[in-house]
Amino acid sequence: MTETSFLILFLIALGLSTLVQWWLSLRHSHFVGAHRAHVPEAFAERIPLPAHEKAADYTLAKTRLERLEIIISVTLLLIWTVGGGLNALDRLWASFELSPLLTGTGFLISLFIIMAVLDIPMALYRTFKLEAKFGFNRTTPATFFGDQAKQLMLLVLIGLPLAMLILWLMENMEQYWWLWVWVVWTGFGLFMMWAYPAFIAPLFNKFEPLEDGDLRERIQTLLSRCGFTSNGIFVVDGSRRSGHGNAYFTGLGRNKRIVFFDTLLNSLSPAEIEAVLAHELGHFHHKHIFKRIVMMTLFSLAGLALLGWLIEQPWFFTALGMQQASLHGALALFLMVVPVFTFFLHPLMAWSSRRHEFEADAFAATVSNADELIKALVKLYEENASTLTPDPLYSAFHDTHPPAPIRVAHLNRVAN
């Protein structure tokens, strides 16, 4: 392949993915807007029309913002690559005449910091305009900028040694360096899954053990019935930042935790919370977490093997705006360009995730009460202003969970 042919291939892939994203977004807006005035029949007695209209308006606002973000992300990608942005940053670090390892590490860390800073204006708008307009934002400016500072600190403290180790392996492990990097990257990912709940998440939120009472008793009984052990049941102060409610598992091995947002505990009954937890337990029962880890590990192996080949191709660098081939430049280009080519895999990934959600719902119906789970979902759809009428094709590309009517219908089937 030549420099020109790869550049044309990249621009075609970028253009197609951008056009498809834009078209799907417009479809989604039209579909949601067309159904704004009518609550779906399955929810007509449970969700009032004003709540349904609010969800539609919230979705339309998010989708409009999404289209702006598409334009911004494509523009920045072109500036970084064919526009010479990465090449200019590379030349800047080369001018310091440091060792290749320090030059590459500085290049990557400064690139990630610049990208994070460039994202702040959109994050500000999402938080203090969009979320505030619909009554969800509870983040103060102090909390927002404190979070940004902590994220940048973690990027430097964790990213710097990791980048240095990866570049050292690329430089010293010869032909099969990508296999060594894959081992390190996989180990790092597993370590972060283990360490995140205990050491990183508490930097941003306060976690309190769930108090004794009927709810804790219900949860302990459910955990025993399902043969699940955890390192604790915690309540996180999600209400400090948002009015959205959620519940999740986090951690790995003996460091697994069950976490409830305080907003969720305030809106659901103990029976409904038990049903939500039963759904989450379904993911562990069916080994969904393990399957996702294996899948992502295999994807990363294939990606690194591909990068191992691309590094040897001069056209990979020159076609994307870098005059000088380098290990750090290859990493940066690869991370930026791969999403362009993998965009059309999104429906497959979303389909797999939705299948897991159906399996977890079916499990919840066997160990808990399906009607309680349905009631909990309806409340969460209403309180989070989640649209009940997404465009089917948009949903197939983007949604990791089944649309509300399909999910509730499935729960009704498995419960009867």
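Conventions used here
- Sequence order as written defines residue numbering, which begins from 1 separately in each chain.
- Local features in a predicted model are, by the rule used here, given only for residues with pLDDT of at least 70; side-chain atom pairs are given and counted only at 80 or more, and totals for whole chains, interfaces and linings are based on all residues.
- Only heavy atoms go into the side-chain values, all of them from the structure, while hydrogens and water stay out.
- Secondary structure elements are taken from DSSP: a helix is a run of H or I of four residues or more, a strand is a run of E of two residues or more, and numbering for both begins at the N terminus.
- Each radius of gyration reported is based on C-alpha atoms, and the globular scaling rule is 2.2 Å times the count of residues to the power 0.38.
- Throughout this description, buried means an accessible area under 20% of the type-specific maximum (1.4 Å probe, protein chains only), exposed means over 50%, and partly exposed covers the range between.
- The contact rule is simple, with two residues in contact once any of their heavy atoms fall within 4.5 Å.
- Accessible surface area values rest on a Shrake-Rupley calculation with a 1.4 Å probe, where residue burial reflects the displayed protein chains alone.
- Charge assignment in this entry is limited to Lys and Arg as positive and Asp and Glu as negative, and neither His nor the chain termini are counted.
- In plain terms, the charge of a residue is placed at NZ if it is Lys, CZ if Arg, CG if Asp and CD if Glu.
- Salt bridges are counted wherever a side-chain nitrogen of Lys or Arg sits within 4 Å of a carboxyl oxygen of Asp or Glu.
- Pairs of N or O atoms are called polar contacts if they sit within 3.5 Å, as long as, within protein, a hydrogen donor faces a hydrogen acceptor (for residues adjacent in sequence, only side-chain-to-side-chain pairs).
- As used in this record, nonpolar core signifies buried Ala, Val, Leu, Ile, Met, Phe, Trp, Tyr and Cys residues forming a set joined through side-chain atoms within 4.5 Å.
- Expected span of a helix: the number of residues minus one, times 1.5 Å.
- Think of each axis as a best-fit line through the C-alpha atoms, taken over the contacting stretch in the case of a helix, with angles from 0 to 180 degrees between the N-to-C directions.
- Here roughly perpendicular refers to angles of 65 to 115 degrees, roughly parallel to angles under 35, roughly antiparallel to angles over 145, and oblique to all remaining angles.
- Note: crossing handedness is left-handed where the near helix turns anticlockwise from the far helix by less than a right angle, and right-handed where it turns clockwise.
- Side-chain classes follow a simple rule in which Ala, Val, Leu, Ile, Met, Phe, Trp, Tyr, Cys and Pro form the nonpolar group, Asp, Glu, Lys and Arg form the charged group, and the remainder, Gly included, forms the polar group.
- Pairing between strands is defined by DSSP: at least two bridges between the two strands are required.

A. Examining the overall build of the chain more closely. Within the chain one finds 16 helices and four strands. The C-alpha radius of gyration computed for the chain amounts to 23 Å, which stays within 12% of the reference 22 Å derived for 416 residues, consistent with globular compactness. Its C-alpha atoms give the chain principal-axis dimensions of about 65 × 50 × 40 Å. Out of the 416 residues in the chain, the part that is buried amounts to 47%. Across the chain, the fraction of contacts at a sequence separation of at least 24, relative to all contacts at a separation of at least 6, is 77%. As displayed, the chain has an accessible area near 20800 Å², and 65% of this comes from carbon and sulfur atoms. With 31 positive and 34 negative side-chain charges, the chain shows a spacing of 2 Å between the two charge centroids.

B. Broad picture of the pattern of salt bridges. Scanning the entire structure with this criterion turns up 16 salt bridges. Taking the shortest distance from any N to any O, the salt bridge between glutamate 53 and arginine 36 comes out at 3.8 Å. Here glutamate 53, found in helix α2 (residues 49-80), pairs with arginine 36, found in the loop between α1 (3-34) and α2; they are 17 residues apart in sequence, far enough to count as distant. One salt bridge connects arginine 240 with aspartate 237, and the closest N-O pair in it is separated by 3.7 Å.

C. Examining the side chain of histidine 28 more closely. Along the polypeptide, histidine 28 turns up in helix α1. Overall, histidine 28 belongs to the buried group, its relative accessible area being 4%. Reaching out from histidine 28, the side chain makes a polar contact with the backbone nitrogen of aspartate 391 at a distance of 3.3 Å. If we skip the residues at most four places from it in the chain, histidine 28 touches Thr59, Thr63, Pro390, Asp391 and Tyr394.

D. Expanded view of the nonpolar core. Within the largest apolar cluster, 47 residues are counted, with the highest numbers of intra-cluster contacts made by Phe43, Phe260 and Leu264. The element contributing the most residues to this core is helix α14 (residues 370-383), with eight residues. Setting aside its immediate chain neighbours within four residues, phenylalanine 260 contacts Ile219, Ile233, Phe234, Val235, Val236, Asn246, Ala247, Leu265, Ile273 and Leu277. Judged by nonpolar contacts, the second largest core, of 41 residues, contains Trp93, Trp315, Ala332 and Val340.

E. Spatial organisation of the environment of histidine 328. Following the sequence through the fold, histidine 328 ends up in helix α12 (residues 327-342). When the C-alpha positions of histidine 328 and glycine 104 are compared, they lie 5.1 Å apart, and in sequence the two are 224 residues distant. Setting aside residues no more than four positions away along its own chain, histidine 328 makes contact with Asp90, Thr103, Gly104, Phe107, Leu108 and Leu167.

F. Quick look at α1. Helix length check: α1 (32 residues) gives 46 Å between terminal C-alpha atoms against 46 Å at 1.5 Å per residue, within 8%. Burial in α1 covers these residues: Phe6, Phe10, Ala13, Leu14, Ser17, Thr18, Val20, Leu24, Ser25, His28, Ser29 and Val32. In this structure, the buried side of α1 is in contact with α2, α11 (314-318), α12 and α15 (392-398).

G. Fine view of the packing of α1 against α12. Running from N to C, α1 and α12 point in directions that differ by 60°, and their axes come no closer than 8 Å. For the element pair α1 / α12, the angle class is oblique. Relative to α12, α1 is oriented so that their crossing is left-handed. Across from Leu9, Phe10, Ala13, Leu14 and Ser17 in α1, the residues of α12 making contact are Val337, Val340 and Phe341. Grouping the constituent residues of the contact of α1 with α12 by class yields seven nonpolar, one polar and no charged.

H. Representation of the pairing of strand β4 (residues 257-261). Most of β4 is tucked away: five of the five residues are buried. Burial along β4 is two-sided: Arg257, Val259 and Phe261 facing one way and Ile258 and Phe260 facing the other are all buried. In this sheet, β4 lies alongside strand β2 (residues 233-236) in parallel orientation, the contact comprising four bridges. When the bridges of β4 are listed, phenylalanine 234 appears paired with valine 259. Across four bridges, strand β3 (residues 247-250) lies against β4 in antiparallel orientation. Following the sheet pairing, tyrosine 248 is matched in β4 by valine 259.

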